[in-house]
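Secondary and tertiary structure notes
So you can see what is in the structure, the chains are spelled out below.
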Amino acid sequence: MTRLVNKNVVVSLVVPTVGRVSDLDRLLASLAGQTCKHFELIIVDQNRDDRIQALLLKWRHSLHYVYVRSALGASKARNVGLALAHGEIIGFPDDDCWFPSDLIAQVTDWFDPCPDYDFLCCSARDDMLKDVALRWPRHSQPIHRRSVLSACICFAFFIRRTALLEVGGFDEAMGPGADTPFQCGEETDLALRLLNNSHPGWFEKRLYVHHPEKDARTASSSRGFYYGMGLGYLLRKHRFPVGTWVYQVIRASGGALRAFCLARPREALFYLKSAAGRILGFLQPPLKSSIQD
């Protein structure tokens, strides 16, 4: 199933989706309600069944979209979608996030007077406008190696298409669904490769994407471990100082200690597994199949 592309595309939004229907419906509703209509939607379906077909039919008169299937792996799916994108600016919303009604307008308005910047990172807020994951820089600022770990998240990441193609897209050995243990860090890896290839980035505090909070008290310990592996591997791949890695391990260990003191055993196990993953991931040499600088 393929829809016609909007001839006035400025922004292309690549959305990998697997397993979710109601969450994807919420995202599509938020996109249909955008004040700026100069965008296209590229839906990359990783489901083995046709669960989202009826949903796409529901929105066929409200959204300009392209539909394509892909094997599992968020990074792989994003690269498949990137190859089909026509926009000058590319974004990668998660299928469980949703946009404020004027976000695309604000993103395009931001890029227009900022030719010296090639990518923009926004923050994440829940439906009550509370920050999701209390890690964001306190103020809008240029992104550099010291701040990229706290300023970059994939669903709130917008990049000039020319810069993205120059650095080769996402490393398919990283990210959710990859056939490696490194189940996160793919967007930070991409941001670092952009920076290393003279493509400056900016974190804009006032712009945000909605996303539900992921509560460590209910998250599985395996998620903590494999996401920890991804972070450790990222730090090794980009040659971060050992002190940065030690800080990340101590941070996760501190979360485990706090959860233990609060009698939250599941949360404590999550953070312990995360600390273990950060240790093991850092000890892994970069894969030959990974995209390098």
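Residues numbered from 1 in each chain as written. Predicted model: local features only at pLDDT ≥ 70, side-chain atom pairs only at ≥ 80, totals over all residues. Heavy atoms only, no water.

**Looking at unusual backbone geometry**
- One non-glycine residue, Ser198, lies in the positive phi region at around 65°.
- Positive phi values are uncommon outside glycine, yet Ala263 reaches one of about 60°.
- As for its position among the elements, Ala263 is in the loop between α9 (242-261) and α10 (265-282).
- With relative accessibility at 62%, the residue Ala263 sits in the exposed group. (Helix = DSSP H or I, 4+ residues; strand = E, 2+ residues; numbered from the N terminus. Buried < 20%, exposed > 50% of the residue type's maximum accessible area, 1.4 Å probe, protein only.)

**Observations regarding the pattern of salt bridges**
- Tallying each qualifying case throughout the model produces 18 salt bridges.
- When the shortest N-O distance is used, the salt bridge between Asp45 and Arg69 registers 3.6 Å. Highlighted residues: Asp45 in strand β2 (residues 39-45) and Arg69 in strand β3 (residues 65-69), separated in sequence by 24 residues.
- Lys237 is the salt-bridge partner of Asp171, the closest N and O atoms lying 2.7 Å from each other. You can see Asp171 sitting in the loop between α6 (161-167) and α7 (186-196) and its partner Lys237 sitting in helix α8 (residues 221-237), a full 66 residues away along the chain. (Salt bridge = Lys/Arg side-chain N within 4 Å of Asp/Glu carboxyl O.)

**Remarks on the environment of Asn79**
- Tracing the chain through its elements places Asn79 in helix α3 (residues 74-82).
- Measuring from C-alpha to C-alpha, the distance between Asn79 and Gln292 comes to 16 Å, with 213 residues separating the pair along the chain.
- Discounting residues that sit within four places of it in the chain, Asn79 has contacts with Gly169, Phe170 and Glu172.
- Only 2.9 Å separates the side chain of Asn79 from the backbone oxygen of Phe170, close enough to count as a polar contact. (Contact = heavy atoms within 4.5 Å. Polar contact = N/O pair within 3.5 Å; in protein donor to acceptor, adjacent residues only side chain to side chain.)

**Let's talk about the pairing of strand β8 (residues 201-210)**
- Most of β8 is tucked away: eight of the ten residues are buried.
- Where strand β5 (residues 119-125) meets β8, six bridges bridge the pair, whose relative direction is parallel. For Ala124, the partnering residue across the bridge sits in β8 and is Val209. (Pairing = 2+ DSSP bridges.)

**Points about the packing of aromatic side chains**
- For the coordinates displayed, the defined rule picks out eleven aromatic pairs.
- Ring centres of Trp110 and Tyr117 lie 6.1 Å apart, and the angle between their planes is 55°; on these two criteria the pair is classed as tilted.
- The exposure class of Tyr117 is partly exposed, given its relative accessible area of 22%.
- Aromatic side chains Trp136 and Phe203 sit 6.2 Å apart centroid to centroid with 5° between the ring planes, which places their arrangement in the stacked category. Of this pair, Trp136 sits in the loop between β5 and β6 (141-143) while Phe203 sits in strand β8, placing them 67 residues apart in sequence. With respect to burial, Trp136 and Phe203 carry one shared label: buried.
- Taken together through their ring pairs, the aromatic side chains of Trp110, Phe111, Tyr117 and Trp202 make up a single cluster.
- One cation-aromatic arrangement involves Arg78 over Phe170; the distance from NZ or CZ to the ring centre is 5.2 Å.
- The ring of Tyr227 is capped by Arg223, whose NZ or CZ atom sits 4.4 Å from the centre of that ring. (Phe/Tyr/Trp six-rings, centres within 6.5 Å; stacked < 30°, edge-to-face > 60°. Lys NZ or Arg CZ within 6 Å of the ring centre and 35° of its normal.)

**Regarding the environment of Cys97**
- Tracing the backbone shows Cys97 in the loop between β4 (89-91) and α4 (103-111).
- For Cys97, a relative accessible area of 0% corresponds to the buried category.
- Sequence separation of Cys97 and His210 is 113 residues, and the distance between their C-alpha atoms is 5.6 Å.
- When near neighbours in sequence (up to four residues on either side) are disregarded, Cys97 contacts Leu27, Phe155, Val209, His210 and His211.

**Notes on the confidence of the model for the protein chain**
- Per-chain confidence: the protein chain averages 93 in pLDDT, with 97% of residues scoring 70 or above.
- Every residue in residues 1-5 scores below 50 in pLDDT, and together they form 18 contacts with partners more than four places removed in sequence or on other chains. (pLDDT = per-residue confidence, 0-100.)

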